[in-house]
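# Summary of structural features
As a plain string of letters, each chain reads:
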Amino acid sequence: MTESQIESGLGRDSQRIARGPAAIATWNFGKTAVETSGQILIEGGSALDAVEKGINVIELDASECSVGYGGLPNADGIVEVDAAIMDGKTHDAGSVAGLKHIKCPISVARRVMEASDHAMLVGDGALAFAITHGFQIEHLLTDESKAKWKAWLEKSSGVDLTTHDTIGLVTLDEQGNMASGCSTSGLGYKHPGRVGDSPLIGSGLYMDNDVGGAAATGLGEEILKFCPCFLTVEYMRNGYSPMDACRKTIGRILDKKPQNRKVSIALVALNRRAEFGAASTQPNFPYAIWTPQNSEVRNTKGGNLDQK
Ligand code: SD4
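Residues numbered from 1 in each chain as written. Predicted model: local features only at pLDDT ≥ 70, side-chain atom pairs only at ≥ 80, totals over all residues. Heavy atoms only, no water.

Within the protein chain, the regular secondary structure consists of eleven helices and twelve strands. Out of the 308 residues belonging to the protein chain, those deemed buried represent 58%. Contacts spanning at least 24 positions in sequence make up 65% of the contacts within the protein chain whose residues lie at least 6 apart. For the protein chain, the exposed surface amounts to about 12,300 Å²; the carbon and sulfur share of it is 49%. (Helix = DSSP H or I, 4+ residues; strand = E, 2+ residues; numbered from the N terminus. Buried < 20%, exposed > 50% of the residue type's maximum accessible area, 1.4 Å probe, protein only. Contact = heavy atoms within 4.5 Å. Areas by Shrake-Rupley, 256 points an atom, 1.4 Å probe, with all protein chains shown as cover.)

Spelled out as C-alpha coordinates, the structure:
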(Lines give C-alpha, C1' and ligand atoms only; values in the text may rest on other atoms or scores of the structure.)
Protein backbone atom coordinates (compact mmCIF):
# COMPACT_ATOMS: atom_id res chain seq x y z
CA MET A 1 0.00 0.00 0.00
CA THR A 2 1.37 3.43 -0.87
CA GLU A 3 1.74 6.26 1.61
CA SER A 4 -1.05 8.25 -0.02
CA GLN A 5 -3.38 5.25 0.07
CA ILE A 6 -2.74 4.90 3.76
CA GLU A 7 -3.35 8.63 4.31
CA SER A 8 -6.57 8.63 2.36
CA GLY A 9 -7.79 5.41 3.91
CA LEU A 10 -8.60 4.21 0.40
CA GLY A 11 -5.83 1.66 0.01
CA ARG A 12 -6.95 -0.89 2.55
CA ASP A 13 -10.16 -1.60 0.73
CA SER A 14 -9.28 -0.24 -2.66
CA GLN A 15 -10.23 -3.33 -4.63
CA ARG A 16 -13.49 -3.67 -2.78
CA ILE A 17 -14.32 0.00 -2.82
CA ALA A 18 -13.63 0.70 -6.50
CA ARG A 19 -17.03 0.92 -8.19
CA GLY A 20 -16.34 1.83 -11.77
CA PRO A 21 -16.92 2.46 -14.46
CA ALA A 22 -17.91 6.12 -14.29
CA ALA A 23 -17.24 9.42 -16.06
CA ILE A 24 -17.84 13.13 -15.45
CA ALA A 25 -17.34 16.08 -17.80
CA THR A 26 -17.78 19.85 -17.92
CA TRP A 27 -20.70 21.71 -19.54
CA ASN A 28 -23.71 20.48 -21.50
CA PHE A 29 -21.54 19.13 -24.30
CA GLY A 30 -19.97 16.92 -21.66
CA LYS A 31 -22.97 14.60 -22.03
CA THR A 32 -21.81 13.58 -25.50
CA ALA A 33 -18.29 13.15 -24.15
CA VAL A 34 -19.25 10.99 -21.15
CA GLU A 35 -21.56 8.86 -23.25
CA THR A 36 -18.73 8.23 -25.72
CA SER A 37 -16.43 7.41 -22.80
CA GLY A 38 -19.12 5.23 -21.26
CA GLN A 39 -19.38 3.11 -24.38
CA ILE A 40 -15.66 2.40 -24.17
CA LEU A 41 -15.76 1.77 -20.42
CA ILE A 42 -18.73 -0.57 -20.57
CA GLU A 43 -16.87 -2.68 -23.12
CA GLY A 44 -13.97 -3.00 -20.68
CA GLY A 45 -11.84 -0.26 -22.27
CA SER A 46 -9.29 1.75 -20.33
CA ALA A 47 -9.92 5.02 -18.50
CA LEU A 48 -7.25 6.59 -20.70
CA ASP A 49 -8.91 5.55 -23.97
CA ALA A 50 -12.23 6.74 -22.59
CA VAL A 51 -10.82 10.19 -21.87
CA GLU A 52 -9.15 10.54 -25.25
CA LYS A 53 -12.09 9.33 -27.32
CA GLY A 54 -14.66 11.23 -25.28
CA ILE A 55 -12.76 14.47 -25.81
CA ASN A 56 -12.11 13.73 -29.52
CA VAL A 57 -15.84 13.86 -30.22
CA ILE A 58 -16.09 17.41 -28.91
CA GLU A 59 -12.85 18.48 -30.63
CA LEU A 60 -14.23 17.30 -33.98
CA ASP A 61 -17.62 18.96 -33.54
CA ALA A 62 -17.46 22.09 -35.71
CA SER A 63 -20.43 23.61 -33.90
CA GLU A 64 -18.55 23.85 -30.58
CA CYS A 65 -16.79 27.21 -30.81
CA SER A 66 -14.44 26.71 -27.85
CA VAL A 67 -12.75 23.38 -28.53
CA GLY A 68 -10.68 22.04 -31.44
CA TYR A 69 -12.15 22.28 -34.95
CA GLY A 70 -14.48 25.29 -35.14
CA GLY A 71 -12.96 26.88 -32.03
CA LEU A 72 -12.73 30.68 -32.02
CA PRO A 73 -9.36 31.92 -33.27
CA ASN A 74 -6.85 34.26 -31.69
CA ALA A 75 -6.74 37.97 -32.52
CA ASP A 76 -4.90 37.20 -35.77
CA GLY A 77 -7.60 34.78 -36.91
CA ILE A 78 -5.57 31.64 -36.15
CA VAL A 79 -6.96 28.86 -33.97
CA GLU A 80 -4.49 27.88 -31.24
CA VAL A 81 -5.47 24.93 -29.08
CA ASP A 82 -4.32 23.58 -25.71
CA ALA A 83 -4.86 20.10 -24.27
CA ALA A 84 -3.56 17.78 -21.57
CA ILE A 85 -4.06 14.22 -20.40
CA MET A 86 -3.05 12.43 -17.21
CA ASP A 87 -2.94 8.68 -16.60
CA GLY A 88 -3.73 7.66 -13.04
CA LYS A 89 -2.24 4.20 -13.46
CA THR A 90 1.26 5.46 -14.29
CA HIS A 91 1.05 9.04 -12.98
CA ASP A 92 2.31 10.14 -16.39
CA ALA A 93 1.02 13.20 -18.17
CA GLY A 94 1.34 14.90 -21.55
CA SER A 95 0.25 18.27 -22.83
CA VAL A 96 0.37 20.64 -25.77
CA ALA A 97 -0.13 24.40 -25.84
CA GLY A 98 -0.49 26.98 -28.60
CA LEU A 99 -0.85 24.16 -31.13
CA LYS A 100 -2.09 25.14 -34.59
CA HIS A 101 -3.68 23.16 -37.44
CA ILE A 102 -4.42 19.94 -35.51
CA LYS A 103 -8.03 18.95 -34.94
CA CYS A 104 -7.49 16.55 -32.02
CA PRO A 105 -4.95 18.08 -29.62
CA ILE A 106 -5.83 15.64 -26.81
CA SER A 107 -4.48 12.84 -29.00
CA VAL A 108 -1.24 14.75 -29.55
CA ALA A 109 -1.01 15.30 -25.78
CA ARG A 110 -1.40 11.55 -25.27
CA ARG A 111 1.34 10.94 -27.83
CA VAL A 112 3.62 13.38 -25.99
CA MET A 113 2.98 11.38 -22.82
CA GLU A 114 3.50 7.97 -24.38
CA ALA A 115 5.99 8.50 -27.19
CA SER A 116 8.30 11.31 -26.13
CA ASP A 117 10.72 11.97 -23.32
CA HIS A 118 8.79 15.12 -22.48
CA ALA A 119 5.64 16.15 -20.68
CA MET A 120 4.72 19.37 -22.51
CA LEU A 121 5.31 20.74 -26.00
CA VAL A 122 4.28 24.17 -27.28
CA GLY A 123 3.79 26.06 -30.52
CA ASP A 124 5.80 25.11 -33.60
CA GLY A 125 7.63 22.34 -31.74
CA ALA A 126 4.32 20.74 -30.77
CA LEU A 127 3.14 20.99 -34.38
CA ALA A 128 6.35 19.43 -35.70
CA PHE A 129 5.97 16.60 -33.19
CA ALA A 130 2.36 16.05 -34.25
CA ILE A 131 3.30 15.93 -37.94
CA THR A 132 6.12 13.47 -37.21
CA HIS A 133 3.60 11.28 -35.44
CA GLY A 134 1.20 11.20 -38.36
CA PHE A 135 -1.34 13.89 -37.46
CA GLN A 136 -2.80 15.75 -40.45
CA ILE A 137 -2.41 19.50 -40.89
CA GLU A 138 -5.91 20.92 -41.24
CA HIS A 139 -7.85 24.19 -41.25
CA LEU A 140 -9.46 24.66 -37.86
CA LEU A 141 -11.31 27.83 -38.81
CA THR A 142 -14.84 27.19 -40.06
CA ASP A 143 -16.95 29.65 -42.06
CA GLU A 144 -18.86 30.37 -38.86
CA SER A 145 -15.84 30.97 -36.63
CA LYS A 146 -14.23 33.10 -39.35
CA ALA A 147 -17.37 35.23 -39.61
CA LYS A 148 -17.41 35.71 -35.83
CA TRP A 149 -13.76 36.71 -35.87
CA LYS A 150 -14.37 39.24 -38.67
CA ALA A 151 -17.30 40.73 -36.77
CA TRP A 152 -15.08 40.95 -33.69
CA LEU A 153 -12.34 42.67 -35.74
CA GLU A 154 -14.79 45.29 -36.94
CA LYS A 155 -15.89 46.03 -33.41
CA SER A 156 -12.32 45.62 -32.07
CA SER A 157 -13.78 44.89 -28.67
CA GLY A 158 -10.86 43.13 -26.95
CA VAL A 159 -10.62 39.58 -25.65
CA ASP A 160 -13.99 37.90 -25.27
CA LEU A 161 -14.03 36.64 -21.69
CA THR A 162 -17.33 34.87 -22.22
CA THR A 163 -16.36 32.64 -25.11
CA HIS A 164 -14.47 29.87 -23.42
CA ASP A 165 -15.67 26.38 -22.57
CA THR A 166 -13.08 23.69 -22.01
CA ILE A 167 -14.09 20.07 -22.29
CA GLY A 168 -12.70 18.51 -19.11
CA LEU A 169 -13.29 14.80 -18.56
CA VAL A 170 -12.47 12.39 -15.71
CA THR A 171 -12.98 8.63 -15.99
CA LEU A 172 -12.80 5.47 -13.88
CA ASP A 173 -12.62 2.08 -15.57
CA GLU A 174 -13.64 -1.40 -14.42
CA GLN A 175 -10.08 -2.18 -13.36
CA GLY A 176 -10.13 0.78 -10.97
CA ASN A 177 -7.78 2.84 -13.13
CA MET A 178 -8.51 6.50 -13.69
CA ALA A 179 -7.59 9.24 -16.18
CA SER A 180 -8.36 12.90 -16.77
CA GLY A 181 -8.05 15.22 -19.73
CA CYS A 182 -9.02 18.59 -21.09
CA SER A 183 -9.00 20.39 -24.43
CA THR A 184 -9.78 23.96 -25.44
CA SER A 185 -9.20 26.67 -28.00
CA GLY A 186 -8.93 29.06 -25.07
CA LEU A 187 -10.29 32.56 -24.90
CA GLY A 188 -11.83 33.85 -28.10
CA TYR A 189 -9.61 36.42 -29.89
CA LYS A 190 -6.83 35.97 -27.35
CA HIS A 191 -3.37 37.41 -27.84
CA PRO A 192 -1.36 35.03 -30.05
CA GLY A 193 0.63 32.74 -27.78
CA ARG A 194 -1.74 33.14 -24.83
CA VAL A 195 -2.02 29.94 -22.78
CA GLY A 196 -4.54 29.29 -20.00
CA ASP A 197 -4.85 26.63 -17.33
CA SER A 198 -5.92 23.72 -19.49
CA PRO A 199 -2.52 22.31 -20.53
CA LEU A 200 -1.00 22.88 -17.07
CA ILE A 201 -0.94 19.77 -14.89
CA GLY A 202 -2.49 20.56 -11.51
CA SER A 203 -4.34 23.60 -12.86
CA GLY A 204 -6.46 22.37 -15.79
CA LEU A 205 -6.53 18.77 -14.63
CA TYR A 206 -5.01 16.34 -12.16
CA MET A 207 -5.23 12.65 -11.45
CA ASP A 208 -4.03 10.21 -8.81
CA ASN A 209 -5.23 6.62 -9.10
CA ASP A 210 -5.10 6.22 -5.32
CA VAL A 211 -7.64 9.00 -4.81
CA GLY A 212 -9.36 10.41 -7.91
CA GLY A 213 -9.12 13.27 -10.34
CA ALA A 214 -10.42 16.68 -11.32
CA ALA A 215 -10.71 18.98 -14.34
CA ALA A 216 -11.27 22.72 -14.55
CA THR A 217 -12.99 25.14 -16.87
CA GLY A 218 -13.36 28.91 -16.95
CA LEU A 219 -11.04 31.86 -17.04
CA GLY A 220 -7.57 30.35 -17.31
CA GLU A 221 -5.82 33.56 -16.26
CA GLU A 222 -7.33 33.12 -12.78
CA ILE A 223 -7.54 29.31 -12.62
CA LEU A 224 -3.83 28.78 -13.15
CA LYS A 225 -2.96 30.90 -10.11
CA PHE A 226 -4.60 28.37 -7.78
CA CYS A 227 -3.61 24.87 -9.05
CA PRO A 228 -7.23 23.98 -8.27
CA CYS A 229 -7.27 20.45 -9.67
CA PHE A 230 -4.27 19.41 -7.60
CA LEU A 231 -5.85 21.04 -4.57
CA THR A 232 -9.17 19.26 -5.14
CA VAL A 233 -7.43 15.88 -5.34
CA GLU A 234 -5.54 16.67 -2.14
CA TYR A 235 -8.80 17.52 -0.38
CA MET A 236 -10.20 14.18 -1.53
CA ARG A 237 -7.05 12.45 -0.29
CA ASN A 238 -7.73 13.97 3.09
CA GLY A 239 -11.20 12.47 3.21
CA TYR A 240 -13.48 15.03 1.55
CA SER A 241 -16.07 13.80 -0.93
CA PRO A 242 -15.56 15.03 -4.50
CA MET A 243 -18.44 17.48 -4.03
CA ASP A 244 -17.02 18.93 -0.82
CA ALA A 245 -13.50 18.96 -2.26
CA CYS A 246 -14.65 21.01 -5.29
CA ARG A 247 -16.57 23.39 -3.02
CA LYS A 248 -13.60 23.85 -0.72
CA THR A 249 -11.33 24.65 -3.67
CA ILE A 250 -13.76 27.20 -5.11
CA GLY A 251 -14.12 28.60 -1.59
CA ARG A 252 -10.35 28.95 -1.32
CA ILE A 253 -10.22 30.81 -4.64
CA LEU A 254 -12.97 33.20 -3.57
CA ASP A 255 -11.49 33.75 -0.11
CA LYS A 256 -8.20 34.76 -1.65
CA LYS A 257 -9.71 36.85 -4.46
CA PRO A 258 -13.37 37.74 -3.84
CA GLN A 259 -13.42 39.54 -7.19
CA ASN A 260 -13.33 36.10 -8.85
CA ARG A 261 -17.04 35.85 -8.00
CA LYS A 262 -17.51 37.85 -11.20
CA VAL A 263 -15.65 35.38 -13.43
CA SER A 264 -16.43 31.83 -14.37
CA ILE A 265 -14.31 29.16 -12.67
CA ALA A 266 -15.69 25.65 -12.32
CA LEU A 267 -14.46 22.20 -11.37
CA VAL A 268 -15.59 18.62 -11.82
CA ALA A 269 -14.18 15.71 -9.82
CA LEU A 270 -14.54 11.95 -9.55
CA ASN A 271 -13.04 9.64 -6.93
CA ARG A 272 -12.17 5.97 -7.15
CA ARG A 273 -15.43 5.08 -5.42
CA ALA A 274 -17.28 6.52 -8.46
CA GLU A 275 -18.57 9.49 -6.48
CA PHE A 276 -19.05 12.76 -8.39
CA GLY A 277 -18.50 16.39 -7.48
CA ALA A 278 -18.68 19.84 -9.07
CA ALA A 279 -18.63 23.46 -7.96
CA SER A 280 -18.47 26.85 -9.60
CA THR A 281 -18.00 30.53 -8.86
CA GLN A 282 -21.15 31.20 -10.90
CA PRO A 283 -24.68 29.83 -10.57
CA ASN A 284 -25.94 27.05 -12.78
CA PHE A 285 -22.76 25.43 -14.00
CA PRO A 286 -23.83 22.38 -16.02
CA TYR A 287 -21.81 19.16 -15.96
CA ALA A 288 -22.47 15.66 -17.21
CA ILE A 289 -22.15 12.36 -15.39
CA TRP A 290 -22.22 8.80 -16.68
CA THR A 291 -22.58 5.46 -14.93
CA PRO A 292 -23.65 2.15 -16.49
CA GLN A 293 -27.17 2.93 -15.22
CA ASN A 294 -27.50 6.55 -16.19
CA SER A 295 -26.18 9.58 -18.01
CA GLU A 296 -27.45 13.08 -17.36
CA VAL A 297 -26.58 16.74 -17.17
CA ARG A 298 -26.56 18.09 -13.63
CA ASN A 299 -26.28 21.63 -12.44
CA THR A 300 -24.53 23.32 -9.54
CA LYS A 301 -27.67 25.43 -9.10
CA GLY A 302 -26.85 28.40 -6.95
CA GLY A 303 -23.09 28.33 -7.44
CA ASN A 304 -20.60 27.65 -4.72
CA LEU A 305 -21.97 29.91 -2.03
CA ASP A 306 -25.50 28.55 -2.12
CA GLN A 307 -24.23 24.98 -2.03
CA LYS A 308 -22.56 25.31 1.33
C1 SD4 B 1 -8.67 28.69 -20.83
N2 SD4 B 1 -9.83 27.44 -19.16
O3 SD4 B 1 -7.97 28.59 -21.82
C4 SD4 B 1 -9.68 27.62 -20.57
C5 SD4 B 1 -10.93 27.98 -21.23
C6 SD4 B 1 -12.16 27.45 -20.60
O7 SD4 B 1 -14.35 27.43 -20.10
O8 SD4 B 1 -12.23 26.61 -19.86
N9 SD4 B 1 -13.27 27.87 -20.75
O10 SD4 B 1 -8.62 29.64 -20.07
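This paragraph deals with the side chain of Asn 271. Mapped onto the fold, Asn 271 is located in strand E9 (residues 265-271). Judged by relative accessible area, Asn 271 falls into the buried class, the value being 5%. A distance of 3.0 Å separates the side chain of Asn 271 from the backbone nitrogen of Arg 273, its partner in a polar contact. Apart from the residues lying within four places of it in its own chain, the contact partners of Asn 271 are Leu 172, Met 178, Val 211, Gly 212, Met 236 and Pro 242. (Polar contact = N/O pair within 3.5 Å; in protein donor to acceptor, adjacent residues only side chain to side chain.)

A separate point is the sheet that holds strand E3 (residues 92-100). Pairing in this open sheet of eight strands is mixed, and the strands run E4-E3-E2-E6-E5-E1-E11-E12 from one edge to the other. Two strands lie at the open edges of the sheet, namely strand E4 (120-122) and strand E12 (294-299), each paired on one side alone. Averaged over neighbouring strand pairs, the angle between their axes works out to 10° when direction is ignored. On top of the sheet, helix H4 (residues 47-59) reaches strand E2 (80-87), strand E5 (167-172) and strand E6 (178-184); it is set at about 20° to E6, its chief contact. (Pairing = 2+ DSSP bridges. Axes fitted to C-alpha atoms, helices over the stretch in contact; angles between N-to-C directions.)

Let us now look at empty space enclosed by the protein. Following the criterion strictly, the structure yields one cavity of 30 Å³ or more and no others. Each pocket or cavity is described by its volume, and for the largest cavity that value is around 60 Å³. If you go around the largest cavity, you meet twelve residues; those closest to its centre are Thr 166, Thr 184, Gly 186, Arg 194 and Gly 218. Each residue belonging to the lining of the largest cavity can be placed in one class, and the counts come to one nonpolar, eight polar and three charged. (1 Å grid on protein atoms, 1.4 Å probe; cavity = no way out; pocket = protein on both sides within 12 Å on 5 of 7 lines; lining within 4 Å. Points joined across faces, edges and corners; volume = space filled by probe spheres on them. Nonpolar A, V, L, I, M, F, W, Y, C, P; charged D, E, K, R; others polar.)

The buried fraction of helix H9 (residues 228-237) amounts to nine of the ten residues, a majority that puts the element mostly inside the structure. Along H9, the residues classified as buried are Pro 228, Cys 229, Leu 231, Thr 232, Val 233, Glu 234, Tyr 235, Met 236 and Arg 237. Phi turns positive, to about 105°, at Gly 239, one or two residues after H9.

Turning next to the pattern of salt bridges. The full count for this structure, using the stated rule, is 14 salt bridges. Ionic pairing is found between Arg 194 and Glu 221, a salt bridge with its closest N-O pair at 2.6 Å. Of this pair, Arg 194 sits in the loop between E6 and strand E7 (205-208) while Glu 221 sits in helix H8 (residues 220-223), and the two are 27 residues apart along the sequence. Under the relative-accessibility criterion, Arg 194 is labelled buried at 13%. Of the charged contacts, one joins Asp 208 and Arg 237 as a salt bridge, the two residues approaching to 2.9 Å between their closest N and O atoms. With Asp 208 in strand E7 and Arg 237 in helix H9, the pair connects residues that are 29 residues apart, well separated along the chain. Both residues of the pair, Asp 208 and Arg 237, belong to the buried class. Among the ionic contacts, a cluster of salt bridges with common partners joins Asp 49, Glu 52, Lys 53, Arg 110 and Glu 114. (Salt bridge = Lys/Arg side-chain N within 4 Å of Asp/Glu carboxyl O.)

We now examine the confidence of the model for the protein chain. The share of residues in the protein chain with pLDDT of 70 or more is 89%, and the mean pLDDT across the chain is 90. Note that pLDDT drops below 50 for residues 1-17; the model gives that stretch 23 contacts with residues more than four away or on any other chain. Considering only residues more than four positions removed or in separate chains, one finds that residues 304-308, a stretch of pLDDT under 50, has eleven contacts. (pLDDT = per-residue confidence, 0-100.)

Attention now goes to the sheet that holds strand E8 (residues 212-218). One open sheet accounts for four strands, arranged E7-E8-E9-E10; its pairing is antiparallel. Each having just a single partner strand, E7 and strand E10 (276-280) make up the two edges of the open sheet. Averaged over all pairs of adjacent strands, the angle between their axes in this sheet comes to 10°, without regard to strand direction. Across seven bridges, the pairing between E8 and E9 is antiparallel. Following the sheet pairing, Ala 216 is matched in E9 by Leu 267. With respect to the sheet, H9 is in contact with E7, E8 and E9, its orientation differing from that of E8 by roughly 145°.

This structure, assessed with the given rule, holds five aromatic pairs. When the ring of Trp 27 is compared with that of Phe 285, the centres are 5.0 Å apart and the planes differ by 85°; the resulting orientation is edge-to-face. Within this pair, whereas Trp 27 is found in the loop between strand E1 (22-26) and helix H3 (30-42), its partner Phe 285 is found in the loop between E10 and strand E11 (286-291), the two being separated by 258 residues in sequence. The interplanar angle of 15° and the centroid separation of 4.7 Å between the aromatic rings of Trp 152 and Tyr 189 together place this pair among those described as stacked. Of this pair, Trp 152 sits in helix H7 (residues 143-155) while Tyr 189 sits in the loop between E6 and E7, and the two are 37 residues apart along the sequence. With respect to class, Trp 152 is no different from Tyr 189; both count as buried. Grouped by ring-pair contacts, the aromatic residues Trp 27, Phe 285 and Tyr 287 constitute a single cluster. (Phe/Tyr/Trp six-rings, centres within 6.5 Å; stacked < 30°, edge-to-face > 60°.)

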